[in-house]
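What follows is the residue order along each chain.
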Amino acid sequence: MEKGIRRIAGIVMMVAGIALGAWLVFGAPHDWEGNVRLVKMAMGLAATGMITGGARLIFWQPEGGPAEAVGEAGVG
């Protein structure tokens, strides 16, 4: 059950990051000047971090667990 909750949280985080990025590109005012432009850049970096964090939650691999390649699963 924990894996399912983590994947759902990852999907929600990715959708929120994509929505924030899309709003910054298409919906945010393009006449922001001065320090507000830096805030807009920080929000873009936050959206990128949200997308990356969501992908890490979806495709989480524990540090101590063995990492097998897809083609090596049945060989041996």
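Remember, predicted model here, so these are calculated numbers, not experimental data. (Residues numbered from 1 in each chain as written. Predicted model: local features only at pLDDT ≥ 70, side-chain atom pairs only at ≥ 80, totals over all residues. Heavy atoms only, no water.)

**So, the environment of M13**
In this fold, M13 is placed in helix 1 (residues 2-27). For M13, a relative accessible area of 31% corresponds to the partly exposed category. Taking the C-alpha atoms as reference points, M13 and I58, 45 residues apart in sequence, are found 9.9 Å from one another. Those residues in contact with M13 that lie beyond four places of it in its chain are M50, G53, G54 and L57. (Helix = DSSP H or I, 4+ residues; strand = E, 2+ residues; numbered from the N terminus. Buried < 20%, exposed > 50% of the residue type's maximum accessible area, 1.4 Å probe, protein only. Contact = heavy atoms within 4.5 Å.)

**Side note on the packing of aromatic side chains**
Within the structure shown, the criterion is met by one aromatic pair. Sitting over the ring of W32, K40 keeps its end group 5.7 Å from the ring centre. (Phe/Tyr/Trp six-rings, centres within 6.5 Å; stacked < 30°, edge-to-face > 60°. Lys NZ or Arg CZ within 6 Å of the ring centre and 35° of its normal.)

**Remarks on the side chain of R6**
Inspection of the secondary structure puts R6 in helix 1. With residues up to four places along the chain from it excluded, the contact list for R6 reads L57 and W60.

**Focus on the pattern of salt bridges**
On inspection of all chains with the given rule, the structure shows one salt bridge. The salt bridge partner of E2 is R6, with a shortest N-O separation of 3.4 Å. Here E2 pairs with R6, and both are found in helix 1, just four residues apart, close to one helical turn. Residue E2 is classed as exposed on the basis of its relative accessible area, which comes to 58%. (Salt bridge = Lys/Arg side-chain N within 4 Å of Asp/Glu carboxyl O.)

**Overview of helix 1**
Counted at 1.5 Å a residue, the expected span for helix 1 with its 26 residues is 38 Å, and the 36 Å between its end C-alpha atoms agrees. Along helix 1, the residues classified as buried are R6, G10, G17 and L24. Those residues of helix 1 hidden inside the fold are in contact with helix 2 (35-58). (Expected span 1.5 Å × (residues − 1).)

**Brief notes about a nonpolar patch on the surface**
On the surface, a cluster of nonpolar side chains totalling about 330 Å² of accessible area is made up of L38, M41 and L45. Within the secondary structure, M41 is located in helix 2. (Patch = residues over 30% accessible without salt bridge, like charges linked within 9 Å, V, L, I, M, F, W, Y side chains within 5 Å. Areas by Shrake-Rupley, 256 points an atom, 1.4 Å probe, with all protein chains shown as cover.)

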